[in-house]
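Breakdown of the fold
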Amino acid sequence: MADINLTPMMQQYREAKASIPPDAVLLFRLGDFYEEFFEDAEKVSSVLELTLTRRQGYPMCGFPYHALDTYLPRLVAAGVKVAIAEQMEDPRLAKGIVKRQITRVITPGTIVDNALLSPSCNNYLTCLVQGKDVWALASLDISTGEFRVCRIAGNDKLATEFNRLGARECVISHRLDARFNEEEGARPEPRTKLLWTTVDNDYFDFSFAEDFLKRQFKVGTLDGFGLRDLPDAVSAAGAVLRYATENLRQDASHICRIELYSLDSSLELDSISLRNLELVETMFGTGKNGSLLGVLDHTETPMGGRKLRNWVLRPLCDHDAIVARLDAVGAFRDDPLTLAELRETIGVVRDLERIVGRLNVGNANARDLQTLAVSLDVLPGVKSLLANFNVPLLETLNGRLELFPELVEKIESAIAENPPAQLSDGGVIRAGYNAELDELRSAATDGKAWLSQIQLREQERTGIRSLKVKYNSVFGYYIEVSKANLSMVPEDYVRKQTLVNAERFITPELKELESKILGAEEKAKALEAQLFQELREFALQYTVRIQTAADALAGVDALASLAECARLHGYRRPRIFEDDRLIVKAGRHPVLDAAMGTDKFVPNDCLLDGDRNRMMLITGPNMAGKSTYIRQTALLVVLAQMGSFVPAESMELGLVDRIFTRVGAADDLARGQSTFMVEMVETANILNHVTPKSLVILDEIGRGTSTFDGLSIAWAVAEFLHDDPSCRCRTQFATHYHELTELAQTRRGVNNYNVAVKEYGDQIIFLRQIVPGSTDRSYGIHVAKLAGIPQPVIERANVILELLEKAADAPRDAISALPRQTVKARRRKGDVDENDDMIQLRLL
Ligand code: ADP
Ligand code: MG
């Protein structure tokens, strides 16, 4: 920074700057503007494309205060931490320099503003602590108060959990940060954009963290949350809460409990599968369109939407829990009229969780309170509809749906019909709620009328026709009587001033009225603010109970959504078992099925039983539907285990503990790894972690290297999955290596399937039907033709193919003759790459 003489304002700026995280930019309120200085000005002006100016040699930029709603989201989206310093007094009334204060610090993980949040996702601030052999990961959604912590062994699982949470920011100690920087590959690298925030090591001090949490939760011990003897989890939770509250700069009493959870209770999906299976978003897009969630989500409330999203990302592993959800979905689906009524009723409910959050830490306004009342008011309707169902899970949820008649009534009687968004605009409190306020308001508006009433009355009482009620700034309201009528002035008038031909009087009544009229508007606003505050505090007492009800309602909404989806797309109830079967009759890919419309998608069966049918080897030409089919299998398992009905005529499922996928040649150039390396890393991950209860979906492994390499690897992987006692899992293996089909002859659990195609002249027709048996043709050239490869190339390819096929009998001659010719021909054109496949072939 330039060495400059500090004005008092600049001194204040410096102090404010020193009190915020060093990496945050400071938006400094100056009159009607937020101004930024020095490096902050450079950063903000470049992100927001504002003009950078110079004042006394230092850079600055700024924007009008009302543009904050536009600019703040853009800064936050760009990953900038923002601190806001507001003026704490009216500059016109300030003596000396205006008092300013940091009112909040907004980081990606500490957002509470509705405008910056997506209604359909939680926004997690996370915190990572390295314990003995495990990680402790705390996650806190300040906007809803959801607070969880888990312990995770292994970096892979940690990265996956980050992905699942969609964490935006992670708080770590300086010490851990230093370790991450020293050791290559130590820092987990989730796919989501994650901001690492480092804080002092003492945030993680166990007894400090423990005390901090106990004070927050108002408890004497954390044992009730299952945190006994888990110092790493306590440190992580304490540190994240401290960081959050420091940035919020207010009490966050809606964060009043923490849940210890375990990854083992849900179906494990590694990061790659989360992505490949396009569970909540597609590989390329953001947003749920085209994903499994996109098909399933018929929720009516944002809480229900977030709940369903979490269910998709964390299918269950527990038989009874799954069956409980299936029972509820089934009951809803079997009663479409009640379901429709229930969904319509729930549709009125707004984001209760976030309203409660804003009431606690944000700037909740009168509309929030009104929405709260409207939302809570439908709960009795929801309860009585739920009472129609004799299903344990629905009964439990209904039991947690408490009613809040006093709160609803209080808010409804207090808040005006259409309250303004800003408290300062006035008119937030309903007429008739508070007598003093009513009077103040009528004083302001009816003041003039009262005065003329008094004038009229006094004229009649005194008989002085010319008597006037007037006002001046020296002594306010007064009564003026002309000299001629002075004899008629009553006793109770108090003389104030004598003029040439008139005298001025005041009366106690007039003075009382005057004090009411003058500043009545100001007073009304202040009183409104006070009443609103009281109302807010009244509502805050219900925080935990509303959170509980909101969570139950979210569950009902998610279950109703699954039922609606089942109804719309004709899903059936899966049957859940503890053995290793995975038997599907006429299954459909949920996303393609919904996208293609009724009866267009060709259904297929699946037979896996962990014994004679452990591995399905699926061959068939490109574009036949192999990838679709094996993904479909994984998606059906996800659906069944999250408690959803499935797009199939029937499904029998022995519970799966993990789904592994290796699908397509996903390039990961951004991470500097070659496609083949990525493929092998993913395959290694599968082979090292698979269990006999797992489902493995392999699509074309061994593609990124030479044919013989690839085939050998694919072969060995298939054998290992089938034979090794640590695996013996259920596997679907789609491959273009026909050679692999020989495995079925030597391995009892391996069975060949192919996707049927019909040849029609020199055309092929894809039947999309998975049938037993192997194919020996890949139809690659047919597909190339379909794709528009020029005819001469197709013809030449057919000639080469024929030669190569003959070469299988007389390899030496044919192989050496053919490619050399080709290479020579291409060399002449000067476009042969040294790594060319053809050259490799020649060398064989
Ligand atoms: P492969 O992996 O065999 O090359 P894909 O699974 O990628 O083939 O399928 C290619 C296309 O065929 C898909 O994009 C889809 O549009 C269509 N398709 C696949 N399976 C079916 C099916 N069962 N019914 C209808 N269309 C399908
Ligand atoms: Mg494919």
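All of these numbers come straight from a predicted model, not from anything done at the bench. (Residues numbered from 1 in each chain as written. Chains lettered and ligands numbered in written order. Predicted model: local features only at pLDDT ≥ 70, side-chain atom pairs only at ≥ 80, totals over all residues. Heavy atoms only, no water.)

1. A few points about the site of ligand 1
- Close to ligand 1 lie Met596, Phe601, Val602, Pro621, Asn622, Met623, Ala624, Gly625, Lys626, Ser627, Thr628 and Arg768.
- Interatomic distance of 2.9 Å between a backbone N/O atom of Val602 and a nitrogen atom of ligand 1.
- In isolation ligand 1 exposes 550 Å². Once the protein is present, 79% of that is buried.
- When residues in the shell around ligand 1 are grouped by element, the largest group, three residues, is from helix α23 (residues 626–641). (Near = heavy atom within 4 Å. Polar contact = N/O pair within 3.5 Å; in protein donor to acceptor, adjacent residues only side chain to side chain. Areas by Shrake-Rupley, 256 points an atom, 1.4 Å probe, with all protein chains shown as cover. Helix = DSSP H or I, 4+ residues; strand = E, 2+ residues; numbered from the N terminus.)

2. Here we look at the packing of aromatic side chains
- The full count for this structure, using the stated rule, is 19 aromatic pairs.
- Taking the centre distance of 6.0 Å and the plane angle of 45° together, the rings of Trp135 and Phe180 count as tilted. In this pair, Trp135 is assigned in strand β8 (residues 135–141) and Phe180 in helix α5 (residues 174–182), connecting sequence segments 45 residues apart. Per residue, the accessibility class of Trp135 equals that of Phe180, and both read buried.
- With a centroid separation of 5.9 Å and an interplanar angle of 25°, the aromatic rings of Phe208 and Phe212 are classed as stacked. Here the residue Phe208 and the residue Phe212 both occupy positions in helix α6 (residues 206–217), the gap between them amounting to four residues, near one helical turn.
- Counting every residue linked through ring pairs, the aromatic cluster contains Tyr13, Phe28, Phe37, Phe38 and Tyr58.
- Just above the ring of Phe577 sits the side chain of Arg581; from NZ or CZ to the centre is 3.6 Å. (Phe/Tyr/Trp six-rings, centres within 6.5 Å; stacked < 30°, edge-to-face > 60°. Buried < 20%, exposed > 50% of the residue type's maximum accessible area, 1.4 Å probe, protein only. Lys NZ or Arg CZ within 6 Å of the ring centre and 35° of its normal.)

3. Points about the nonpolar core
- Ranked by internal contacts, the top residues of the largest apolar core, which has 120 residues, are Leu279, Leu296, Phe332, Leu372 and Ile659.
- Looking at this core, the element that brings in the most residues is helix α21 (residues 543–569), giving 14 residues.
- Among all residues touching Leu372, those that are not within four sequence positions of it are Leu352, Ile355, Leu359, Leu407, Ile411, Ala539 and Ile546.
- Val129, Ala136, Val199 and Phe212 belong to the second-largest nonpolar core, a separate cluster that totals 36 residues. (Core = buried A, V, L, I, M, F, W, Y, C linked by side-chain atoms within 4.5 Å. Contact = heavy atoms within 4.5 Å.)

4. A look at the pairing of strand β25 (residues 730–734)
- A large share of β25 lies buried, amounting to five of its five residues.
- In this structure, strand β21 (residues 615–619) lies alongside β25, joined through four bridges in parallel fashion. Paired with Met615 across the two strands is Thr731, which belongs to β25.
- Looking at chain direction, strand β24 (residues 695–699) and β25 are connected through five bridges and run parallel. Bridging from a neighbouring strand, Asp699 pairs with Ala734 of β25. (Pairing = 2+ DSSP bridges.)

5. Comments concerning the UniProt feature "binding site: ATP" (unreviewed entry) in the protein chain
- With numbering aligned to this structure, UniProt lists the feature "binding site: ATP" (unreviewed entry) at Gly620, Pro621, Asn622, Met623, Ala624, Gly625, Lys626 and Ser627.
- By relative accessible area, Met623 is classed as exposed at 56%.
- Excluding its chain neighbours within four sequence positions, the residues that come into contact with Met623 are Phe766, Arg768 and Val783.
- Mapped onto the elements of the fold, Lys626 is located in helix α23.
- Classification of Lys626 by relative accessible area gives buried; the value is 4%.
- Apart from residues lying up to four places away in sequence, Lys626 is in contact with Ile618, Thr619, Gly620, Pro621, Glu700, Ala734, Thr735 and Val755.
- In terms of polar contacts, Lys626 uses its side chain to reach the backbone carbonyl oxygen of Pro621, at 2.9 Å. (UniProt positions renumbered as here; feature names shortened; annotations may be inferred.)

6. Brief notes about the UniProt feature "coiled-coil region" (unreviewed entry) in the protein chain
- As recorded in UniProt, the feature "coiled-coil region" (unreviewed entry) lies at residues 510–537.
- Secondary structure content for residues 510–537 is 93% helix and 0% strand, and the end C-alpha separation is 38 Å.

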